[in-house]
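# Observations on the three-dimensional arrangement
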Amino acid sequence: MPRHPFQSLPVPAEQASTLAARGLRFGLVDLDDEAQCAAWLRADLRGFYADDPEDGELADRFTPFRDSRLAAVWDDSAADSATPVATVSSWPTRLTTPGERDVEAWAISSVTVAPTHRRRGIARALLESELTAAREHGAPLAVLTVSEATIYGRFGFSPAAFAASLSIEQRRATWSGSVPDGRVHLVERTVLREQAPEIERRARRAVPGEVDRWPRLWDRMFALTGDTKKDAGALRAVRYDDGTGEPQGFALYRVAEQGSDFTKHRVTVTELIAATPDAYAALWRYLLELDLVSEITVGLRSVDEPLRWQVADARAVRTTDVTDHLWVRILDVPAAFAARGYAAEGSLVLDVDDPDGIAGGRYLLTAHSDGSGECAPLDGEAPDGSAHLALDVRALGSLYLGGVSASTLAAAGRITEQTPRAAVAADALLRSPIAPRLSIWF
Ligand SMILES: CC(C)(COP(=O)(O)OP(=O)(O)OC[C@H]1O[C@@H](n2cnc3c(N)ncnc32)[C@H](O)[C@@H]1OP(=O)(O)O)[C@@H](O)C(=O)NCCC(=O)NCCS
């Protein structure tokens, strides 16, 4: 039985009949049909070149999908007609927005099409179906993380949060930040696993771009699931408790030898979550002062990490990669923009072009001195004196979390200023003091 009403939102007749005309069957996965669920999971994993799981692992690995809406495309003429030729999953999630607010977003994942069926419009049908379901559910926007940056723009998605990978030359990165009065403790993974979600809940409140994590994701991070247990031995866990003994942050990391020199271990940080600046400082200081280590690497970090400003030699913290990570597709402009905070008071007229006919129109965005804002369709002329921009729905999605500058997009020709310096005015309203970040893949 589906656990949530959204899981039963049907695939739209339009996309189902488009695919039916090509001999394909598009529908929802029956969550009560164990064999169908197992075949769906196998198709999803195959799509991402993951190993085919053992039969005994399937039920455990399928667990998180029991809370998602799963759709698939079947080809009844294929040799293995029980295994879908395409998969997609989705679920509503809270997305943190600027100003310590949040919005319900429609998360889309598991987009796969079998190599035997690619480039026949199946992914297009999946994505169009998802955007319809998202709107029927009432989500003002959809979000996803992408394997390739060239696929999703055509569906109105655009990068809104970026991720940095860092490589730190540990001995050069002498700690010069504060030394908090709390303590870092080495802790049992199983104990920390229980405390981690509450710490993360507080930590993410101020970070636009973060989405809800789900129980099995936590279990995987702590190497507590069947497929991750083999990696458990090397995973170290530390927790920072503040001066009153309250847990405020934690880090998970692995240490590996590099060659024969025992003084040059490499540390890979797989998680560092801090609900307070003190927790952040104490955990990084702990890692930077580990003995017998020469390099620390970490991925999915902010593009604006305070760490750079907390070491004696900032060049020891090298950004090895910056990539788009969270992609946003605005579906309902007024609802999306009412659900975020604003850095300044003011108003902005937005002429939004949406080739898919979903979010286009003229809108008036008004931001108040208390950080709240509202957005409404605007009939007729823009009010005198308001800044006025014309942009497509993708540029709007990139602006949404406040991490992409309207001035940059205007310079790139992605936004047209209808009044002088409208992009600067937009930046004053929309910018986020904390760079948007998403610390997981989904
Ligand atoms: C990427 C993938 C889902 C595309 O599926 P598909 O059914 O072949 O795509 P479609 O035929 O529906 O193509 C839809 C559109 O995307 C374009 N497109 C498809 N794959 C693309 C790619 N890899 N790069 C750029 N554009 C792509 C098509 O040209 C088409 O454009 P148009 O409709 O504007 O003319 C499929 O190749 C796949 O499963 N790849 C491996 C898993 C993966 O990368 N999934 C994405 C997870 S984020």
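Residues numbered from 1 in each chain as written. Predicted model: local features only at pLDDT ≥ 70, side-chain atom pairs only at ≥ 80, totals over all residues. Heavy atoms only, no water.

## Comments concerning the side chain of His265
Inspection of the secondary structure assignment puts His265 in strand S10 (residues 265-274). Under the relative-accessibility criterion, His265 is labelled buried at 9%. His265 has contacts with Val255, Ala256, Glu257, Gln258, Leu292, Val293, Ser294 and Glu295, leaving out every residue within four places of it along the chain. (Helix = DSSP H or I, 4+ residues; strand = E, 2+ residues; numbered from the N terminus. Buried < 20%, exposed > 50% of the residue type's maximum accessible area, 1.4 Å probe, protein only. Contact = heavy atoms within 4.5 Å.)

## Quick notes on the nonpolar core
Residues Phe157, Ile330 and Phe337 are the most contacted members of the largest nonpolar core, which totals 97 residues. Per-element tally for this core: the top contributor is helix H4 (residues 122-137), with seven residues. Discounting chain neighbours no more than four positions away, the residues touching Ile330 are Pro140, Leu141, Ala336, Phe337, Ala359, Val393, Leu396, Gly397 and Tyr400. Tyr240, Tyr280, Ala281 and Ala316 belong to the second largest nonpolar core, which has 28 residues in total. (Core = buried A, V, L, I, M, F, W, Y, C linked by side-chain atoms within 4.5 Å.)

## Some thoughts on the domain arrangement of the chain
For the chain, the assigned domains read domain 1 (5-144), domain 2 (164-324) and domain 3 (332-430). On the domain 3 side, the residues contacting the twelve residues of domain 1 number 13 residues. A buried area of about 920 Å², summed over both sides, lies between domain 1 and domain 3, and 65% of it is on carbon and sulfur atoms. It is Pro98, Arg101 and Pro140 that lose the most area in domain 1 upon contact with domain 3, and together they represent 52% of the buried surface on that side. If you look at where domain 1 meets domain 3, you find zero salt bridges. Inspection of the domain 1/domain 3 interface yields three residue pairs in polar contact (both at pLDDT 80 or more). (Domains from an automatic or database assignment. Buried area = accessible area lost by both parts, 1.4 Å probe. Salt bridge = Lys/Arg side-chain N within 4 Å of Asp/Glu carboxyl O. Polar contact = N/O pair within 3.5 Å; in protein donor to acceptor, adjacent residues only side chain to side chain.)

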